[in-house]
Amino acid sequence: MEKRRILGIDPGYANTGFGIIDVLDGKIRLVGYGVIETDNAMEHGKRLLEIYNGMELVIEKYKPDESAMEELFFGKNASSAMNVSEAKGVITMTLEKNSVPLSMYKPNAIKSSVTGTQSADKETVEQYVQILLSLKERPKPDHAADALAAAITHIHSRGL
């Protein structure tokens, strides 16, 4: 059976989480994770460029076969929602430019896939990611843990 490398993404304007998981013979293995951060003192366009450049580096370093991203869920802050939407557009474009297929998952589907319940809080998701990937400690920050959860959801949904 061939190895598949999955890039999970938690899209954000200030922090975009990413997590890389390999799947081989039904087993998942953590490859790496982190966060692409932008400085709120930077102008808007430069922050989006920072996200693009960061995603390019992640793709170049890890060479994922597929990707999974959480669909956006917005509260009441329309300004914040627009910024995150633009960041998600930059991420989507970068994946397409690099021929990395993208699958989208609703937040509740990710929680359910990783923890078994749609009502799980962030701490519970982090705990289950730690267990599923046999990690000594929870992945931090939470944006990286959310990205890994998206990758795990992709594995479960695709039967990889």
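Let me sum up the structure you'll find in this document. (Residues numbered from 1 in each chain as written. Predicted model: local features only at pLDDT ≥ 70, side-chain atom pairs only at ≥ 80, totals over all residues. Heavy atoms only, no water.)

**Focus: the sheet that holds strand S2 (residues 15-24)**
Paired through backbone hydrogen bonds, the strands of a sheet run either parallel or antiparallel to each other. The sheet built from five strands is open, its strands ordered S3-S2-S1-S4-S5 with mixed pairing. The open sheet has two edge strands, strand S3 (27-37) and strand S5 (102-105), and neither has a second partner. Pairwise comparison of adjacent strand axes, ignoring direction, gives a mean angle of 20° for this sheet. Here strand S1 (residues 4-10) pairs with strand S4 (residues 66-70) via four bridges, running parallel. Bridge assignment links Ile 9 to a residue of S4, and that residue is Met 69. (Pairing = 2+ DSSP bridges. Helix = DSSP H or I, 4+ residues; strand = E, 2+ residues; numbered from the N terminus. Axes fitted to C-alpha atoms, helices over the stretch in contact; angles between N-to-C directions.)

**Structural notes on the pattern of salt bridges**
This model, assessed by the stated rule, comprises 10 salt bridges. The salt bridge involving Glu 2 is made with Arg 4; its shortest N-O contact spans 3.4 Å. Judged by relative accessible area, which is 22%, Arg 4 ranks as partly exposed. Across the pair Glu 66 and Arg 4 runs a salt bridge, and its minimum N-O distance is 2.7 Å. With a gap of 62 residues between them, Glu 66 in strand S4 and Arg 4 in strand S1 connect regions that are remote in the sequence. Since its relative accessible area comes to 12%, Glu 66 is described here as buried. (Salt bridge = Lys/Arg side-chain N within 4 Å of Asp/Glu carboxyl O. Buried < 20%, exposed > 50% of the residue type's maximum accessible area, 1.4 Å probe, protein only.)

**Structural notes on the pairing of S2**
Successive residues of a regular strand alternate their side chains across the two faces of the sheet. With eight of its 10 residues buried, S2 lies for the most part within the structure. In this sheet, S2 lies alongside S1 in antiparallel orientation, the contact comprising seven bridges. Each residue of the ladder has a partner; that of Arg 5, found in S2, is Asp 22. The antiparallel hairpin formed by S1 and S2 contains four residues in its connecting segment. In the sheet, S2 pairs with S3 via 10 bridges, with the strands oriented antiparallel. Opposite Leu 24, over in S3, you have Lys 27 as the bridge partner. Here S2 folds back onto S3 in antiparallel fashion, the turn holding two residues, of which Asp 25 has a positive phi close to 50°.

**Section: the side chain of Thr 38**
Here Thr 38 lies in the loop between S3 and helix H1 (44-62). Reaching out from Thr 38, the side chain makes a polar contact with the side chain of Arg 47 at a distance of 2.9 Å. Residues contacting Thr 38, with those up to four places away along its chain left out, are Tyr 13, Ala 14, Arg 47, Glu 50 and Ile 51. (Polar contact = N/O pair within 3.5 Å; in protein donor to acceptor, adjacent residues only side chain to side chain. Contact = heavy atoms within 4.5 Å.)

**Thoughts on the packing of aromatic side chains**
Counted under the stated rule, the structure contains one aromatic pair. For the pair Phe 18 and Tyr 62, a centre-to-centre distance of 6.5 Å together with 50° between the ring planes defines the contact as tilted. Remark: Tyr 62 occurs in helix H1 and Phe 18 occurs in strand S2; sequence separation between them is 44 residues. Per residue, the accessibility class of Phe 18 equals that of Tyr 62, and both read buried. (Phe/Tyr/Trp six-rings, centres within 6.5 Å; stacked < 30°, edge-to-face > 60°.)

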